[in-house]
2 protein chains.
Amino acid sequence: MKLQTAADTLEWDERTGMPSGGGDYRAEQVSMLRGMVHELRTDAQYGDDLCRLIDDVAGQDPHSDESATVRELHRDWDRDRKLPTPLVRKTSEATVKGQQVWDAARKSNDFAKFRPSLENIISLKREAGERWSEGSDRTPYEALLDEYEPDASVEQLQKIFDDVRVPLVKLIAEIKDAPVQPNVSILEQDFCVDAQRKFSHRISKLIGFDFDRGRLDETSHPFCTTLGPKDIRILTRFETNWVPSGIFGTLHETGHGLYEQGMRYEWFGLPPGSYVSLGMHESQSRLWENQVGRSRAFWSHLYEETQATFAPQLDNVTLDEFHFAVNTIRPSLIRVEADEATYNLHIIIRFDLERQLIEGTLSVADLPAAWNSRYQSDLGITPPSDADGVLQDVHWSAGLIGYFPTYTLGNLASAQLYDAAAVELGDLEAMFAQGNFKPLLEWLVEHVHRHGRCYSGSELIQKATGKPLSADALVGYLQGKLRPLYGLS
Amino acid sequence: MKLQTAADTLEWDERTGMPSGGGDYRAEQVSMLRGMVHELRTDAQYGDDLCRLIDDVAGQDPHSDESATVRELHRDWDRDRKLPTPLVRKTSEATVKGQQVWDAARKSNDFAKFRPSLENIISLKREAGERWSEGSDRTPYEALLDEYEPDASVEQLQKIFDDVRVPLVKLIAEIKDAPVQPNVSILEQDFCVDAQRKFSHRISKLIGFDFDRGRLDETSHPFCTTLGPKDIRILTRFETNWVPSGIFGTLHETGHGLYEQGMRYEWFGLPPGSYVSLGMHESQSRLWENQVGRSRAFWSHLYEETQATFAPQLDNVTLDEFHFAVNTIRPSLIRVEADEATYNLHIIIRFDLERQLIEGTLSVADLPAAWNSRYQSDLGITPPSDADGVLQDVHWSAGLIGYFPTYTLGNLASAQLYDAAAVELGDLEAMFAQGNFKPLLEWLVEHVHRHGRCYSGSELIQKATGKPLSADALVGYLQGKLRPLYGLS
C-alpha cells in the first residue's frame, strides 16, 4: 500500500505542475513502482495464505471486517492471477501509447490515426474479459465491469438505463421548448480566478472537508486521490468566463474526498477501509455537486457571500436567477460539460457502444458512424467532428472499458441515497439554508463510508435505502426540480 | 535511483503543503523507500561486480565517464559497507528523534534538553568516522567530511579559513565604522507577496533556469531537489517586510538548479551526471546569488522593472541606494540571515567546534560556552540565548557533521570560478547590464556542471581556474566591492 500511494503521489505531482521535461522519467518511475506492487499482489505465498484464510472465515458473518478483508483480498488476488504477465505488460504498453496517440488524433481530428491503437486495446481488453469470465456465468464485458462495479449485470443496467433514458429524453425535449429559460450569460462574465480559488476552499470546508487531512489544488482535469489515511487530495480547475466549472468541480471532488475521509482510517489500504465501487464513489461526488450544490437552499445560505465575493458581476443578479442559471439543461456535444439531466444520455450511448465493441458486434472502423447516429437519435445533435465526438474522452485509450456506466450508476445512487437520508433526517433543505450540512454528511458516513467493502455496492444501497437501485429517485428528483423551474406543468 | 527520487518527491511534497494529518504515514513511506534503496546499494552481488569492474578500468583515463562511474560507485559502496547495519539504524533513529528534540529545545530555549541527544549523535558519528578512516591516513573528522566534500583535508581547510577570517574580521570592523551606511529600511517596506512571486519567477528564468525542466515553489526552508533528469525543483519563500529573502533566496536556489540542469542528463543517477561535492554545489548557488545577484550591473538591467513591480515602495529609491542596501554588511546572530562577508565567520566557528566535538577535545556540555565565546571574539556579539546561539541550526541534530565547512568552500569557489570566467569571457558586468547571462552560464556548464564526478572538487577547481582553491578571490571580491560602497579607501 505504501508503494501504491507513493506511485499515486508521483501521479498527483505529475498532474499538478510537474515540468514537462519530467514526463518520461516519471512514467518509468511510476511504472516501476506499480510493477513492484503487482509483484507483491501476485506473490504465490500471499495467494496460498489467502486461500487458507478464506476457509477459516467461511461460516462467519460475511460482512464483518475480517470476512470482508479475506474475501475481497482473495477476490482481487484471484482476478490478478488470471491475467498472464505478458497480457498485463502488453495492455500497459498499449494504453500508455494509446493515450498519446489518442491525444494527437484528437488534436488533429483524425480518428483513423487512433483506430489501430483502439483496435489493439479492445482486443487486449476482450482477452482479459474472457479470461476473467471463464468458468463463471459472467460475460466478458461484465467481467470488465467487475473491475469498477463488482456486482453489476448488463441485464440490470440495461433495464435501469432504459428506465432513465425514456423519461429523460422526453423531459429534455419539453425543457427545450419551455416557456421560461435561464439566463446563462450571467455565469459567463469575467470572474476573478483568485476569488474563485478562495470561494472553492470556503465551500469545500463548509460542506465538511477536513483540511487537516486533505488539500485542494488545481489541475487541468479535476480528480481526487488518496495519498495516505489522513491525506486526501482534491483537485479542481477554474475558468474565468465560466464560474460553474470551479464551483461545481470543487463540490464534485469534495464529495469524492468526503467519502475517502469518511472511511475508517485504521483500515486504510484494506477492504474495510476502501471504497466499494466507482459507482458508489460517484454517488458521493454527485450528491454534493447536484442534490446539495444545485439546490436553492444551498444558494440561499451562500448567495449574499457569493455576491460579495464576485462583485460587481453578480450585483444585479437575484438568487432565483442564479439558481436557475446553474440548473440550465441543454443538450450538448461534450460529456464533461453536460448538465445533470443530459449527462446520463452521454453515458448510456458509451455503455452501449463499448459493450458492442467487446462483444464484437461493432467494429472500431464503424465506431464513429455509430457514435454520431446515436448522438442524433438520443440528443438531437450530430458532432461536427470526431474530435468533439468519438474522440472526446480519454477512457478507451487508457483501457478503461466498463468504466463509463459507473457515472450514471452514481447519479442513480446519489438520488436514492439522498431521498433515504431525507426520510430519516427530515427537511434537509431547511438545514442547508442554515449552512448545516453535518447531519447529511454523518448519515452518509454511517450508511456508506464507514462500511468500506464489507458490503457490495448493491447490498449497501439495499441496506441504506431499503430497496434495490432503480431509476425512480433520479427521475423523480430531476422532474421535481426542473419542471417548476422551467414552468412546466 | 528511481526509488530514491520517488522518496525525494514524497519529501518535496511534504515540504510544499502536505496536510498535517499526512505526516506519520508519509514518514513510514519515505523510510520504507529509503530502506529499499539502502538494501540495493549494499547488495553483495553488486559489490562483487564493482570490485571486478574496478580492476577492469585500472590504467584507463581516470577522468573518463566509465572510469569515474566505476571508481565513484565503488567508493560509495565501500563507504556504505564499512558501517554495520545496527550503527546505520541507530544513527537514523537518533537523528530522526534528534531533530524533534532539537526543535522542542530550541523553542523552549533549553540546551540541556537537547544535550543527551547530541551526545549520542556525536558518539555515533565519531564511530562512523573511525570506521571510515580505519587503515587510511584520514582522521575520523576528515572521514565525515568526505561524505560532503570528498577530498578536503583539515589542514588545508584551516589554512584557507585563516586566510579568509583574518582579513574579513578586519574589513567587517572597518565597515562598521564606515563613513557611509546603506538605508536598509527601504527593503523592509510592505512588498506584495504575489508581486514577489512573479518577480522571482522572472529572475530565475532570466539567468537561465529552464522551466520546461523544473519548477519554482514555496516552502518554509528553501531548498533545491532533483526528482528526475529533467525535473529540478527549486523552492523559495517570501517575506512581506523583507524583500531580499525572496529575491536572493530564489537566485541562490536557482544557482543550485542551474548546476543540476547543466549536468548531462543521459548520465542521470550515475557519477558522471551527479554533483561533485556540496561545496561545489554551494559555489553555484552563491555565484548567482552574490557575484551576479548583488552586482550593480544586474540591478542596472532590472531596476526599472523592479521599481514598476514594487510600486510605489521603490518610487523614491535610486538604483544606487537599492544596490547599496542589498549589500548591507552587519554582524548578526543568525547564520541564515547573515550577509556574504560575515557568513563565513559563522561557518568557521561551526567548523572549529564540530571538529573538536568529534576529536573529543570539546564536550557537548561545554559547547554553549565555547559557542558564545567564539561569537564574541569573531563577530563581536554574544547570543542572548542558546535558541539564537548554539541551538539555531538543525544540522547537528540531523547528524550532519562535516557539512558546515562546505558553505564557505562554496563561497571561496564561487569567487575563484567567477574570476576565471571573467578572464576568459571579458567584461561580465557589461553583459549583465544587457541582461545577457548566457555566456557565464555556458562557461559554468562547460567547466563545472558537465563533468559531474569525473574529477574531484579540487581537481575541477584547478582545471577550471588554473590554481588550487585559495582565499584570494573571495577576499579580493569582497574588498573590491565593499570598500568603494562604504567609502573606505
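Everything numeric here is computed off the predicted structure, so don't read it as measured data.

Cut-offs and rules
- Residues numbered from 1 in each chain as written.
- Chains lettered and ligands numbered in written order.
- Predicted model: local features only at pLDDT ≥ 70, side-chain atom pairs only at ≥ 80, totals over all residues.
- Heavy atoms only, no water.
- Axes fitted to C-alpha atoms, helices over the stretch in contact; angles between N-to-C directions.
- Helix = DSSP H or I, 4+ residues; strand = E, 2+ residues; numbered from the N terminus.
- Parallel < 35°, antiparallel > 145°, perpendicular 65-115°, else oblique.
- Left-handed = near helix turned anticlockwise from the far one by under 90°.
- Contact = heavy atoms within 4.5 Å.
- Nonpolar A, V, L, I, M, F, W, Y, C, P; charged D, E, K, R; others polar.
- UniProt positions renumbered as here; feature names shortened; annotations may be inferred.
- Buried < 20%, exposed > 50% of the residue type's maximum accessible area, 1.4 Å probe, protein only.
- Polar contact = N/O pair within 3.5 Å; in protein donor to acceptor, adjacent residues only side chain to side chain.
- Salt bridge = Lys/Arg side-chain N within 4 Å of Asp/Glu carboxyl O.
- Core = buried A, V, L, I, M, F, W, Y, C linked by side-chain atoms within 4.5 Å.
- Pairing = 2+ DSSP bridges.

Details of the packing of helix α5 (residues 85–107) of chain B against helix α6 (residues 111–133) of chain B
Packed helix pairs are specified by the crossing angle of their axes together with the interaxial distance, meaning the distance between the axes.
All names here are of chain B.
(1) Moving on: Orientation of α5 relative to α6, taken along the N-to-C sense of each, is 150°, at an axis distance of 9 Å. Relative to α6, α5 is oriented roughly antiparallel. For α5 against α6, the interelement crossing comes out left-handed. In contact with L87, K90, T91, A94, T95, G98, V101, W102, A104 and A105 of α5, α6 contributes K113, F114, S117, N120, I121, L124, K125, E127, A128 and R131.
(2) Moving on: Across the contact of α5 with α6, the residue classes tally to 10 nonpolar, 5 polar and 5 charged.

Brief notes about the UniProt feature "binding site: Zn(2+)" (unreviewed entry) in chain A
Residues and elements named next belong to chain A.
(1) Moving on: Per the UniProt annotation, the sites labelled "binding site: Zn(2+)" (unreviewed entry) are H252, H256 and E282. The greatest C-alpha distance among the residues just named is 8.6 Å, despite their covering 31 residues of sequence, which places them together in space.
(2) Moving on: For H256, a relative accessible area of 10% translates into the label buried.
(3) Moving on: Beyond its immediate sequence surroundings of up to four residues, H256 is in contact with C224, H281, E282 and S285.
(4) Moving on: Among the structural elements, E282 can be located in helix α11 (residues 278–292).
(5) Moving on: You can call E282 buried: its relative accessible area is 6%.
(6) Moving on: When sequence neighbours within four positions are dropped, the list of residues in contact with E282 reads H252, H256, T406, Y407 and G410.
(7) Moving on: One polar contact links E282 to H256, side chain to side chain, over a distance of 3.5 Å.

Considering the pattern of salt bridges
(1) Moving on: According to the stated counting rule, one finds 88 salt bridges over all chains in the structure shown.
(2) Moving on: Residues R89 of chain B and E93 of chain B are paired through a salt bridge, measuring 3.7 Å at the closest nitrogen-oxygen approach. With R89 of chain B and E93 of chain B both in helix α5 and 4 residues apart, the pair spans about one turn of that helix.
(3) Moving on: When salt bridges with common partners are traced through the structure, they connect R71, E72, R75, D76 and R453 of chain A into a single cluster.

Here we look at the nonpolar core
(1) Moving on: W288, F298, W299 and L440 of chain B are the most contacted members of the largest nonpolar core, which has 126 residues in total.
(2) Moving on: Excluding anything up to four places from it in sequence, L440 of chain B contacts L287, W288, V292, Y418, A421, L425, L428 and F432 of chain B.
(3) Moving on: If you look at the next biggest cluster of nonpolar residues, it comprises 68 residues, including A94, A105, A370 and L412 of chain A.

Regarding the sheet that holds strand β3 (residues 231–236) of chain B
(1) Moving on: Strand order in the open sheet formed by 3 strands is β1-β3-β2 (chain B), with mixed pairing between adjacent strands. Two strands in the sheet have a free side with no partner beyond their single neighbour: β1 (214–218) and β2 (223–228) of chain B. This sheet shows a mean twist of 20° between the axes of neighbouring strands, independent of strand direction.
(2) Moving on: Here 5 bridges tie β1 of chain B to β3 of chain B, and the two strands are oriented parallel to one another. In the strand pairing of β3 of chain B, G214 of chain B is matched with I232 of chain B.
(3) Moving on: Its contacts with the sheet place helix α2 (residues 23–41) of chain A against β2 and β3 of chain B, and it is angled at close to 70° to β2 of chain B.
(4) Moving on: Most of the contacts of helix α10 (residues 243–262) of chain B go to β3 of chain B, to which it runs at about 165°, and overall it touches β1, β2 and β3 of chain B.

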